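Observations on the three-dimensional arrangement
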Amino acid sequence: MYLFTRVSNLQQFLLVQQQNGRSVGFVPTMGALHSGHLSLIAQSKAENDLTVCSIFVNPTQFNDPNDLARYPRNPVKDIEMLEGVGCDVVFLPSVHEIYPPDLDTTPQISLGQLDKVLEGEFRPGHFAGVVQVVKRLLDIVQPARLYMGQKDFQQFSIIRFMIRELHLPVQLVMGPTVREADGLAMSSRNVRLSETERSIAPAIYQSLARIKAALDTAPPPLLAEGEKQALTAAGLRPEYLEIVDAETLLPVVTTPDKSRQIIACAAAWLGNVRLIDNMILT
Ligand code: AMP
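Not measured: the values here are computed from a predicted model. (Residues numbered from 1 in each chain as written. Predicted model: local features only at pLDDT ≥ 70, side-chain atom pairs only at ≥ 80, totals over all residues. Heavy atoms only, no water.)

1. Some words on the side chain of serine 54
Under the convention used in this document: Here a strand is any run of E in DSSP of at least two residues, a helix any run of H or I of at least four, and the numbering for each starts at the N terminus. Here the term buried applies to any residue with accessible area under 20% of the maximum for its type, exposed to any over 50%, and partly exposed to those in between, with areas from a 1.4 Å probe on protein chains only. In what follows, residue pairs with any heavy atoms lying within 4.5 Å of each other are defined as contacts.
Turning to its location among the elements, serine 54 is positioned in strand 3 (residues 50-55). Judged by its relative accessible area of 0%, serine 54 falls in the buried class. Contacts of serine 54, omitting those with residues within four sequence positions, involve Phe26, Val27, Pro28, Thr29, Phe91 and Leu137.

Okay, here's the thing in structure tokens:
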């Protein structure tokens, strides 16, 4: 496995690969890797000649400085894990490499309502940072395919929108959410849960699963409100639990139109850890 920390060295290497007709799959991450990340690497390896994984804790997407300070970092273990699954290239840039002071990396794009709802309501500026870093990384790596997880469904929707809007020559591929045996969606932040919190955390998955099972039996807002209360009763502090249209991310208020994809999305605090999850309902 090759490891690069400098943009110029990575680009030189990738140019030769691409000139030799090798297709590149790209998996951007913030490290503290788990099986969810590794499943994206496996998917990329199956569909491309070369897989590049970046590890970069992007400061511009953290609206909460405490969250940035507490974000788990474990580059040595990450590199071992990537080597273990046969990743070809790992890119570990510094903040300065990604955001050199003389380069304007802010994409000129309006996200409409996509970054105002759900996460956007509670994490102002978060998606502007996500769009900025993904655009910058795509400019550097220029992959044929970009792999992102369903776990961060709104992030996926926004990157899909950006790719269309800016006509970027990359195919976006969604990887399914990888879960622990009890349903908890894998997340780098899970390591910060205490033993008690960890035992409560699967309540989010259970609420989403109950919504899916009951979708035809009650109006979506009522189902969502009931499960939000169930989360509170379980000991979580939900920020939102909404049933939304998967394309517009706007709430579904009447009987779901089965021709459209509908998704339940949730965010809740457990102690000082913020967890998100979602489930596609139709
Ligand atoms: P992160 O390191 O949290 O920024 O995540 C990097 C990529 O891995 C994103 O595309 C995430 O959606 C994806 N990802 C995170 N957790 C999971 C999971 N449990 N299953 C599948 N993909 C995931």
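Still to come is the rest of the account.
2. Considerations on the pattern of salt bridges
Two side chains with opposite charge may pair up if their charged atoms get near one another. Rule in force here: Counted as salt bridges are all cases of a side-chain nitrogen of Lys or Arg within 4 Å of a carboxyl oxygen of Asp or Glu.
Under the counting rule described, the total for this entry stands at 15 salt bridges. The residue arginine 123 makes a salt bridge to aspartate 67 at a minimum N-O spacing of 3.8 Å. Highlighted residues: arginine 123 in the loop between helix 6 (119-122) and helix 7 (126-141) and aspartate 67 in helix 3 (residues 65-70), separated in sequence by 56 residues. Each of the two residues, arginine 123 as well as aspartate 67, counts as buried. Through salt bridges with shared partners, a single network forms among Asp67, Glu119, Arg123, Arg189, Arg192, Glu239 and Arg274.

3. Overview of the sheet that holds strand 8 (residues 262-270)
Within a sheet, adjacent strands bond to each other through the backbone by hydrogen bonds, running parallel or antiparallel. The test is simple: Pairing between two strands is assigned when DSSP locates at least 2 bridges connecting them. Between N-to-C directions, angles cover 0 to 180 degrees, with each direction set by a line fitted to C-alpha atoms, over the stretch in contact for helices.
Sheet architecture is open: three strands sit in the order 7-8-9, paired in antiparallel fashion. Looking at strand neighbours, the two that pair on one side only are strand 7 (237-245) and strand 9 (273-280), the edges of this open sheet. Ignoring which end each strand starts from, the neighbouring axes of this sheet average 10 degrees apart. Relative to strand 8, strand 7 is paired through eight bridges, and the arrangement is antiparallel. When the bridges of strand 8 are listed, leucine 241 appears paired with alanine 266. Taken strand by strand, helix 10 (residues 203-214) contacts strand 7, strand 8 and strand 9, and its axis lies near 25 degrees from that of strand 9.

4. Topic: empty space enclosed by the protein
Leftover empty space is mapped by rolling, across the atoms, a probe with the size of a water molecule. We count it as follows: Only protein atoms enter the 1 Å grid used here. Points where a 1.4 Å probe fits but cannot escape make up a cavity, open sets with protein on both sides within 12 Å along at least five of seven lines make up a pocket, and a residue lines them when an atom lies within 4 Å of a point. Grid points are joined across faces, edges and corners, and a volume is the space filled by probe spheres set on the points. Residues were grouped as follows: Ala, Val, Leu, Ile, Met, Phe, Trp, Tyr, Cys and Pro as nonpolar; Asp, Glu, Lys and Arg as charged; and all remaining residues, including Gly, as polar.
As enumerated under the stated definition, the model contains one cavity of 30 Å³ or more in all. In this model, the largest cavity occupies a volume close to 60 Å³. At the level of secondary structure, the elements contributing two or more residues to the lining of the largest cavity comprise helix 10 and strand 9. The biggest single contributor to the lining of the largest cavity is strand 9, with three residues. Of the residues in the lining of the largest cavity, the class split is seven nonpolar, two polar and two charged.

5. Topic: the site of the ligand
Defined as follows: Nearness is judged by heavy atoms alone; a residue qualifies as near a molecule or strand once a single heavy atom is within 4 Å of it. Two N or O atoms form a polar contact when they lie within 3.5 Å of each other; inside protein one atom must be a possible hydrogen donor and the other a possible acceptor, and for residues adjacent in sequence the pair counts only when both atoms belong to side chains. Only the protein chains shown count as cover for residues, with accessible areas throughout obtained via the Shrake-Rupley method and a probe of 1.4 Å.
Around the ligand there are 17 residues in total, and Met30, His37, Asp152, Val178 and Met186 lie nearest to it. Histidine 37 is positioned with one of its side-chain polar atoms (N or O) 2.9 Å from an oxygen atom of the ligand. For the ligand, a nitrogen atom lies 2.8 Å from a polar atom in the backbone of methionine 186. In isolation the ligand has 490 Å² of accessible area, and contact with the protein removes 93% of it. At the level of secondary structure, the elements contributing two or more residues to the shell around the ligand comprise strand 2 (24-29), helix 2 (35-47) and strand 5 (145-149). Per-element tally for the shell around the ligand: the top contributor is helix 2, with three residues. Tallied by class, residues from the shell around the ligand come to eight nonpolar, seven polar and two charged.

6. Remarks on the pairing of strand 6 (residues 171-175)
Selection rule: Here is how to tell: hold the view so the strands point away, follow the path from the first strand over the helix to the second, and if it runs clockwise the crossover is right-handed.
Where strand 5 and strand 6 come together, five bridges link them in parallel fashion. In the strand pairing of strand 6, leucine 146 is matched with leucine 172. Note that the unit made of strand 5, helix 8 (residues 153-165) and strand 6 has a crossover that is right-handed.

7. A short note on the confidence of the model for the protein
The condition that has to hold: Confidence scores here are pLDDT values: one per residue, from the predictor, ranging 0 to 100.
Predicted confidence across the protein gives a mean pLDDT of 97, with 100% of residues reaching 70 or more. Within the protein, no element has a lower average pLDDT than helix 3, which sits at 94, and none a higher one than strand 5, at 99.

8. Some points on the packing of aromatic side chains
Basically, it comes down to this: Stacked, tilted and edge-to-face pairs are distinguished by plane angle, under 30 degrees for stacked and over 60 for edge-to-face with tilted covering the rest, among Phe, Tyr and Trp rings (Trp via its six-membered ring) whose centres lie within 6.5 Å.
Per the stated rule, a full pass over the model turns up six aromatic pairs. Consider the rings of tyrosine 2 and phenylalanine 4, whose centres lie 6.4 Å apart with planes at 15 degrees: the pair is stacked. A relative accessible area of 48% places tyrosine 2 in the partly exposed class. With relative accessibility at 13%, the residue phenylalanine 4 sits in the buried group.

9. Observations regarding the nonpolar core
Cut-off, in case you're wondering: We call a set of buried residues a nonpolar core when its members are Ala, Val, Leu, Ile, Met, Phe, Trp, Tyr or Cys and they connect through side-chain atoms within 4.5 Å of each other.
Val134, Leu146 and Ile159 are the most contacted members of the largest nonpolar core, which totals 47 residues. If you tally residues by element for this core, the top one is helix 7, at nine residues. If near-sequence neighbours (up to four positions away) are discounted, isoleucine 159 is found in contact with Val130, Val131, Val134, Leu146, Met148 and Leu172. Judged by nonpolar contacts, the second largest core, of 25 residues, contains Leu236, Ile243, Ala268 and Leu270.

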